[in-house]
Amino acid sequence: MQPRVVIIGAGIVGTALADEITRLGWTEVTVLDRGPLFRTGGSTSHAPGLVFQTNSSKTMAELARYTVEKFGALDAFDTVGGLEVATTPERWTELHRRRGWAQAWGIEAEILDPAACVELHPMLDADRILGGLHTPTDGLAAAVRAAERQADAAADRGARFIGYCEVVEVLSAHGRVTGVRTRDGQELPADIVVSAAGFWGAELGRGVGLTVPLVPMAHQFVKTGAVPALDGDERLPILRHQDADLYYRTFGDRIGIGYYGHTPRPVDMENLLRDTAGEAMPSMLPFTPAEFEPAWAASLELLPALGDTAIDEAFDGIFSFTPDGFPILGEHRDLAGFWVAEAVWVTHSAGVARAVARWIVDGSTDIDLHEADLYRFEEAARSPEFIRRTSVQAFVEVYDIIHPHQYRSEPRDVRTSPFHARQRELGAFFYEGALWERPAWYEANAPLMDEVAAQGVAFPERDSWSGAFYSPISIAEAAWTRTHVAMFDMTPLTRYEVSGAGAAAFLQELTTNDVAKKPGSVTYTLLLDANGGVRSDLTVARLEENLFQVGANGPLDFDWFTRHLPGDGSVALRDITGGTCCVGVWGPSAREMVQPVCPDNLSHKGFGYFKAKRTYLGSIPVTMMRVSYVGELGWEIYTSAEHGAALWDLLWEAGREHRVIAAGRIAFNSLRIEKGYRSWGTDMTTEHTPEAAGLGFAVRMSKPEFLGKKVLESAEPPGRVLRTVMLDDPAAVVLGKEPVFVNGEVAGYVTSAGYSATVGRTLCYAWLPAPVGPGDEVEISYLTERFTGRVRTEPVVDPEMARIRR
Ligand code: FAD
Ligand code: THG
């Protein structure tokens, strides 16, 4: 029998899901909505439907592209094109960066001068703009029509749609959904319940003990009266004026204007129905005209013809914002069969629905959804306070120019390592990541710059963009690590303890490498999904027969592990990140530095590469692993949090005669790229096989069974592979996500990059067609420039592994 699916919500997401799920052959689908079909009163009912596909995220761009194609085929899309204009030099540069994303993700886009912009959109005042970015395939979705068409397709396959039917409770038994109860007391049985309830989703989640981190927010939208300059037949492109937080579309001879510059107004769901009582829909709040005044003034400047008309209709519409701007997708871990697909724009709706339908029906997706995964949030990020503050911030920043290395300005200091006080004394500049304070560089190392410069290390000048959130001190720190020794705070590295009689078998079946080695061994290994895509890369240290310490990449790994734990209780999983800390001591002097404070023999024979040992440093109990993501001799040294400060001081003292430094994330990143080490989520994702990502060495096909093995057995050689590229110009810098050209054509994109102190050039990883190999020339566009570079053999530094294995 087919699973019975109930979808809560008949907005653009619920209807698209019904279409995509039935298309995959599950036809026992019922879609319920509290409002009338298909103008339900939700966000979709009044969404003006602008679809700008370009996004810094490749995934989001692809979700949008699919939506455009699908709505086009449903006759619910008008390809009027998208135009984003710049009125400041910063925005003008930003539009070039956005063109880069478009090119990298395969969306047609061109930079236009003011005259060409006016030709496309004659209402524009050419003197007000520096130019624009034109994306011809962008346009207008007819959201309600698209919902209706998709519902029709689903209904043809057997799906049912019921309006005026509010779900008041999700029913469950033994950790599985069993159905829903509606306001009129009916119970509808179900094996799968998908909450596609839009901004109501957080409430529905709460009802089943699930945090859905979204905040409903008001957003102003107005329509003008007739604009005399328009005859109503023009097909003007959708328009963005991001410098003033504004966007525009035409409705015949009227103009619709959306505004994000007003005071953020999170909506209190308890009072929703009261607050929206006088409005046409429960997703519409009364207009707040004073808040719109700057928007109207800015609009008159950009589009002077608006002076001949006035605002005719206006409201404050409600839709969802999330802490990082991405949707919330996935299945409740503790209530099997309960799924969410929320905080999704019309722009991405069909793409999201296609991916989620596959996830529900097949168990995995072909598109990387990690940025949108329900379980991507750290524990502290699930607090109501964090969700509210960061979602408000996401509203404020929606059209801002965000630097790739820009970190949250608030809340800060939520997670600090035991070394934090010492790091501040050394003048650390902190980045925020996963709520941790992470030193990016230390001002205390500034004097080293002259010293390493005297040894030939170069410090090229940077432009203001690549020079932001950056210090050349990081170059000195990286160089110092390769010549002396440095301490890196590795505390934010997520780590788990996996224990019990079944632990070895569990890790052996879940990961690609042979991890069931002798106690004291460490193994680099991969998590694959059912498609053979790389879900994560891990280090697995076997500390005892039945006790492993796993170094992981974040909350999604914990989620994956938890979902795969055997039901018999033979394996225990514990996140030990917060209760422990870690210092990486790496560099040619590491052994001489640490040996005097350690009772164990730290020689290469006594403590080999990729081995682990529990021992003491002074009187501090530690676990040491001879692992180095920076590719130098040394150890990750772990202890419990209460010993952290003492550990740092002990090492600092021991390192004094070796001139040890503390080094930050920027140096760390550049060193790992020199060594050919990948960073999961940036360099590779589930869209890539191990072989394509250059990680085939971590897959042990001779193992009897592991998740993903079957697919790899019959996998074709990869068409695209991850390569290291070295830029030619010593002063050239890229930051990630730039398009890469081969013979003048877009051939791939940059993932991550860093300036290598060792070779005096920027190195980056790029996904490229497999035939493009070492020695081949490429070009990379960076803002308004283009740099040349060459594919290099890997790793660029120490291919013989002489520095690590000695
Ligand atoms: P909704 O359309 O809100 O659908 C959710 C449905 O769930 C509703 O119909 C609701 O009645 C139903 N529901 C909720 N709870 C229950 C329950 N307990 N039982 C039964 N049914 C329930 N996006 C763009 O891409 N481009 C734009 O230009 C754009 N402009 C916008 C302008 C404004 C003014 C607003 C407000 C939003 C705009 N958006 C835009 C955002 C976009 O409208 C939304 O992100 C999108 O419509 C959300 O779709 P949805 O299906 O998730 O939610
Ligand atoms: N330390 C620990 N765990 C981790 C990381 C870490 N887990 C997550 C992430 N970082 C994993 N990434 C890597 C990448 C490369 C290496 C280690 C962790 C590495 N690779 C060597 C190589 O490729 O030559 C060794 C591989 C091998 O011998 O199999 O060292 O930083 N604890």
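Refer to the structure printed above.
Source: prediction; values computed, not measured. (Residues numbered from 1 in each chain as written. Chains lettered and ligands numbered in written order. Predicted model: local features only at pLDDT ≥ 70, side-chain atom pairs only at ≥ 80, totals over all residues. Heavy atoms only, no water.)

Peer 1: Please give an account of the overall build of the protein that cites residues and values.
Peer 2: Per the secondary structure count, the protein includes 19 helices and 40 strands. Relative to the compact-globule value of 28 Å for 806 residues, the protein shows a C-alpha radius of gyration of 28 Å, a close match. A burial count over the protein gives 59% of its 806 residues as buried. The contacts of the protein with a sequence gap of at least 6 include a subset with a gap of at least 24, amounting to 72%. Total accessible area on the protein is roughly 30,000 Å²; 49% of this is exposed by carbon and sulfur atoms. If the 75 positive side-chain charges of the protein are averaged to one point and the 107 negative ones to another, these points end up 7 Å apart. (Helix = DSSP H or I, 4+ residues; strand = E, 2+ residues; numbered from the N terminus. Rg over C-alpha atoms; globule rule 2.2 N^0.38 Å. Buried < 20%, exposed > 50% of the residue type's maximum accessible area, 1.4 Å probe, protein only. Contact = heavy atoms within 4.5 Å. Areas by Shrake-Rupley, 256 points an atom, 1.4 Å probe, with all protein chains shown as cover. Lys, Arg positive; Asp, Glu negative; His and termini not counted. Charge placed at Lys NZ, Arg CZ, Asp CG, Glu CD.)

Peer 1: Run through the site of ligand 1, naming residues and quoting values.
Peer 2: In the neighbourhood of ligand 1, 35 residues make up the surrounding shell, with D33, T40, T44, V344 and T347 lying closest. At 3.2 Å from an oxygen atom of ligand 1 is found a main-chain nitrogen or oxygen belonging to I12. At a separation of 2.8 Å, a nitrogen atom of ligand 1 approaches a polar backbone atom of L50. Here ligand 1 has 1,000 Å² of accessible area as a free molecule, and 97% of this is covered by the chains. For the shell around ligand 1, the elements supplying multiple residues, two or more each, are helix 1 (12-23), strand 14 (215-224), strand 19 (311-321) and helix 9 (346-362). If you tally residues by element for the shell around ligand 1, the top one is strand 19, at four residues. (Near = heavy atom within 4 Å. Polar contact = N/O pair within 3.5 Å; in protein donor to acceptor, adjacent residues only side chain to side chain.)

Peer 1: Hey, could you go over the sheet that holds strand 3 (residues 50-51) for me, with residue numbers and the actual values?
Peer 2: The three strands lie next to each other as 3-8-4, forming an open sheet whose pairing is antiparallel. Of all the strands in the sheet, the pair left with one neighbour each is strand 3 and strand 4 (77-78). As paired strands, strand 4 and strand 8 (residues 139-141) are joined by two bridges and run antiparallel to one another. Among the inter-strand pairings, F77 is bridged to a residue of strand 8, identified as A141. (Pairing = 2+ DSSP bridges.)

Peer 1: Go over empty space enclosed by the protein, please, and point to the residues and values.
Peer 2: Over the atoms rolls a probe the size of a water molecule, and its path tells where empty space is left. Applying the stated criterion across every chain, the model contains one cavity of 30 Å³ or more. In this structure, the largest cavity is lined by P439, F488, D489, M490, A663, G664, R665 and F668. A breakdown of the residues in the lining of the largest cavity according to their chemical character gives five nonpolar, one polar and two charged. (1 Å grid on protein atoms, 1.4 Å probe; cavity = no way out; pocket = protein on both sides within 12 Å on 5 of 7 lines; lining within 4 Å. Points joined across faces, edges and corners; volume = space filled by probe spheres on them. Nonpolar A, V, L, I, M, F, W, Y, C, P; charged D, E, K, R; others polar.)

Peer 1: Just give me the short version of the pattern of salt bridges, but keep the residues and values in it.
Peer 2: Side-chain pairs of opposite charge can arise where the charged atoms are in close proximity. By the definition in use, this model includes 50 salt bridges. In this structure, R389 engages E410 in a salt bridge whose closest nitrogen and oxygen atoms are separated by 3.4 Å. With R389 in helix 10 (residues 384-396) and E410 in the loop between helix 10 and helix 11 (420-425), this pair connects stretches of sequence that are 21 residues apart. The class of R389 is partly exposed, set by a relative accessible area of 26%. A salt bridge links E432 to R408; its shortest N-O distance comes to 3.9 Å. With E432 in strand 22 (residues 428-433) and R408 in the loop between helix 10 and helix 11, this pair connects stretches of sequence that are 24 residues apart. What emerges from the salt-bridge pattern is a single network uniting D19, E20, R23, K70 and R157. (Salt bridge = Lys/Arg side-chain N within 4 Å of Asp/Glu carboxyl O.)

Peer 1: Lay out the side chain of S57 in plain terms, naming residues and giving numbers.
Peer 2: Position of S57 among the secondary structure elements: in the loop between strand 3 and helix 2 (58-73). Side chain to side chain, S57 and E371 meet in a polar contact 2.8 Å long. Dropping the residues within four chain positions of it, S57 is found in contact with W105, F326, E371 and K737.

Peer 1: Give me the side chain of R376: which residues, what numbers.
Peer 2: Structurally, the position occupied by R376 is in the loop between helix 9 and helix 10. You can call R376 buried: its relative accessible area is 13%. Here P327 takes part through its backbone oxygen, which lies 3.0 Å from a polar atom of the side chain of R376. From its side chain, R376 meets the backbone oxygen of A372 in a polar contact 3.1 Å long. Non-local contacts of R376, meaning those with residues more than four positions away in its chain, are made with T322, D324, F326, P327, I328, H370, E371, P555 and L556.

Peer 1: Quick one: what's the story with the site of ligand 2, residue by residue and with numbers?
Peer 2: Taken together, the neighbourhood of ligand 2 is formed by 15 residues, with D537, T539, G551, E636 and Y677 sitting nearest. At a separation of 2.9 Å, a nitrogen atom of ligand 2 approaches a polar backbone atom of G551. Within the complex, 87% of the 650 Å² of free accessible area of ligand 2 lies under protein. Put simply, the parts of the chain that give the shell around ligand 2 at least two residues each are strand 27 (534-544) and strand 33 (634-640).

Peer 1: Go over the packing of aromatic side chains with me, naming the residues and quoting the values.
Peer 2: A full pass over the atoms with the stated rule returns 32 aromatic pairs. A cation sits over an aromatic face here: R354 above Y66, 5.5 Å from the ring centre. We note R462 situated over the ring of Y470; from NZ or CZ to the ring centre the distance is 3.6 Å. (Phe/Tyr/Trp six-rings, centres within 6.5 Å; stacked < 30°, edge-to-face > 60°. Lys NZ or Arg CZ within 6 Å of the ring centre and 35° of its normal.)

Peer 1: Quick rundown of unusual backbone geometry? Include the residues and the values.
Peer 2: Cis geometry marks the peptide bond from L37 to F38; its omega dihedral reads -10°. Among the secondary structure elements, F38 is positioned in the loop between strand 2 (29-32) and strand 3. Looking along the chain, the bond that leaves E794 and enters P795 is cis, with omega of -15°. With respect to the element layout, P795 can be found in the segment after strand 40 (785-792).

Peer 1: Can you tell me about the sheet that holds strand 35 (residues 720-727), naming the residues and giving the values?
Peer 2: With antiparallel pairing, the six strands of this closed barrel are ordered in space as 35-38-37-36-39-40. Put simply, the sheet's adjacent strands are angled 40° from each other on average, direction ignored. Here helix 3 (residues 89-104) sits on the sheet in contact with strand 36 (739-742), strand 37 (745-756) and strand 39 (777-782), set at roughly 60° to strand 36. (Axes fitted to C-alpha atoms, helices over the stretch in contact; angles between N-to-C directions.)

Peer 1: Describe in detail the environment of G427, supporting the description with residues and values.
Peer 2: Mapping G427 onto the fold places it in the loop between helix 11 and strand 22. Along the backbone, G427 and A314 are 113 residues apart, and their C-alpha atoms lie at a distance of 51 Å. Discounting chain neighbours no more than four positions away, the residues touching G427 are W441, Y442 and E443.

Peer 1: Residues and numbers for the nonpolar core, please.
Peer 2: Ranked by size, the top nonpolar core spans 70 residues in total, and within it F488, V522, L526, M625, M684 and W767 carry the most contacts. Broken down by element, the residue count for this core peaks at six residues, all from helix 13 (residues 473-483). Other than its neighbours up to four places away in sequence, M684 contacts V534, D537, R678, S679, A693, L695 and W767. Of all hydrophobic cores here, the second largest spans 50 residues; its members include I21, A159, F326 and I360. (Core = buried A, V, L, I, M, F, W, Y, C linked by side-chain atoms within 4.5 Å.)

Peer 1: I'd like a rundown of the pairing of strand 22, residues and numbers included.
Peer 2: The buried fraction of strand 22 amounts to five of the six residues, a majority that puts the element mostly inside the structure. Relative to strand 23 (residues 436-442), strand 22 runs antiparallel, the two sharing six bridges. Among the inter-strand pairings, A428 is bridged to a residue of strand 23, identified as Y442. The hairpin formed by strand 22 and strand 23 contains two residues between the paired strands, and A434 there has a positive phi angle of roughly 50°.

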